[in-house]
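# Fold and contact review
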Amino acid sequence: MTFRRAVVAWYDERGRLQMNVTWVNKTIDFANLTNTSCPCHNSSSCNASNLTANFNVSVVTLYNMTEKHEQLLFFGITIYNGTFNYTMYALVYNDERSQYNFTLVTKILTDKLHGGYWMYLTTMNIAPNDKNRVVPVGDTIVTKDNLTLSEYYWTLNKVLMKLRRGDETNWVWGRSAYELRHLSHLVRLKLPAEYNQYRAIGVSVSMDSLTACEFSLNSLISVRFICTQPEAPSWVMVGACCASLYAITIGCTAACVLSGGAACIACIAGGVFGSWASLLGCYGYCPSMQVCVYVLGFIKVKCGTLW
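Here the structure is a predicted model, which means the values were calculated and not measured.

### Notes on the pattern of salt bridges
All chains considered together, the criterion is met by eight salt bridges. One salt bridge connects Arg97 with Glu179, and the closest N-O pair in it is separated by 2.9 Å. With Arg97 in the loop between strand E5 (85-96) and strand E6 (100-110) and Glu179 in helix H3 (residues 170-189), the pair connects residues that are 82 residues apart, well separated along the chain. Residue classification places Arg97 among the partly exposed positions, given a relative accessible area of 28%. Look at the salt bridges and you will find they share partners, linking Arg4, Arg5, Asp139, Asp167 and Glu168 into a network.

### A few points about the state of the cysteines
Covalently bonding the sulfur atom of one cysteine to the sulfur atom of another cysteine gives a disulfide. Throughout the structure, instances matching the rule amount to five disulfides. Between Cys252 and Cys267 runs a disulfide, and the two sulfur atoms are separated by 2.1 Å. Where Cys252 bonds to Cys267 through sulfur, the torsion about that S-S bond is close to -85°, and the disulfide is left-handed. Taken together, the positions of Cys252 in the loop between helix H4 (234-251) and helix H5 (253-258) and Cys267 in helix H6 (residues 261-274) put the pair 15 residues apart, joining distant regions of the chain. By relative accessible area, which is 27% here, Cys267 ends up partly exposed. Each disulfide pairs two cysteine sulfurs, and for Cys256 the partner residue is Cys264, the sulfurs being separated by 2.0 Å. Classification of the bridge connecting Cys256 and Cys264 rests on its S-S torsion, roughly 70°, and on that basis the disulfide is right-handed. For the pair Cys256 and Cys264, one class covers both residues: buried.

### Quick word on the side chain of Thr78
Within the secondary structure, Thr78 sits in strand E4 (residues 70-80). Separated by 3.0 Å, the side chains of Thr78 and Thr87 make a polar contact. The residues touching Thr78, leaving out its near neighbours within four places in the chain, are Asn56, Val57, Ser58, Asn85, Tyr86 and Thr87.

### Things to note about the packing of aromatic side chains
Describing an aromatic ring pair means giving the distance of the ring centres and the angle of the ring planes. Under the defined criterion, the tally for this structure stands at 13 aromatic pairs. With a centroid separation of 5.3 Å and an interplanar angle of 75°, the aromatic rings of Trp276 and Trp307 are classed as edge-to-face. Linking Trp276 in the loop between H6 and helix H7 (280-285) with Trp307 in the segment after strand E13 (299-305), this pair joins segments that are 31 residues apart in sequence. By relative accessible area, Trp276 is classed as partly exposed at 30%. Site record: aromatic cluster; members linked through ring pairs are Phe74, Tyr89, Tyr117, Tyr120, Tyr152, Tyr153, Tyr195 and Tyr198. The residue whose ring lies beneath Lys144 is Trp10, and the NZ or CZ to ring-centre distance is 5.2 Å. Its end group placed over the ring of Tyr294, Arg224 keeps NZ or CZ at 3.9 Å from the ring centre.

Parameters at a glance
Residues numbered from 1 in each chain as written. Predicted model: local features only at pLDDT ≥ 70, side-chain atom pairs only at ≥ 80, totals over all residues. Heavy atoms only, no water. Salt bridge = Lys/Arg side-chain N within 4 Å of Asp/Glu carboxyl O. Helix = DSSP H or I, 4+ residues; strand = E, 2+ residues; numbered from the N terminus. Buried < 20%, exposed > 50% of the residue type's maximum accessible area, 1.4 Å probe, protein only. Disulfide = S-S within 2.5 Å. Polar contact = N/O pair within 3.5 Å; in protein donor to acceptor, adjacent residues only side chain to side chain. Contact = heavy atoms within 4.5 Å. Phe/Tyr/Trp six-rings, centres within 6.5 Å; stacked < 30°, edge-to-face > 60°. Lys NZ or Arg CZ within 6 Å of the ring centre and 35° of its normal.

Purely geometric numbers; function is a separate question.
This is the structure:
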């Protein structure tokens, strides 16, 4: 995937959107990534088992809207032990349409000292069902102003609408902008007002890539399979890959939950080798598959290449 642009966006004194766009054009080969730049990189403290042993985690669903083709979830997440207590929030939005699947996850970090929100951290992904519309690129957007959550999504929509003009991302960012406008309205009209009153700056990454499958093993640990070279629509990928990968992942639950990221990936890789016949169809649609272990859905512990 090529990360093309870094964008800083803000509103001037007249309320007009301003953008500073820096071209990066940095290609990242996800298939060759084996670790992350987690703050405790190369440290045993990044181990999933240590995280689960040292902290308790409470996850409460504060809002759940499920319609025919879309779902909006809002969670309160409290991480605590005998001497530490921190609450953050997470918004998860997914819209499965006939032409694409749009997924957005926002982690809302709170200001422990003064209260309210501190920063929005967002990853959004659009996976076209027509592989000819797939553009393996990403853009990073920083919003400098303190915005409510609905204002933040509306601003991201405006940024993508500007970035798409005369660009190869015209189709994917145009559909993503539509989803952001819709999400902004949902947050403003549906989400309880107390969660849309605080203001924060934001960092977001927009990507056109494909998460083939994701499985939660408990309230903390999840395993995500990412197709880095999709050769089929998302719904085809799910049908061809996820059942076999789910069986392999469940068989590795003990290794993933108790022994940490490296042992988890080694177990899954071994399961893939032993079940290769059932995965031939998946390989045909996805010739390059990566697996990552996450804590809380966004702390990446370890990644590895399956094939």
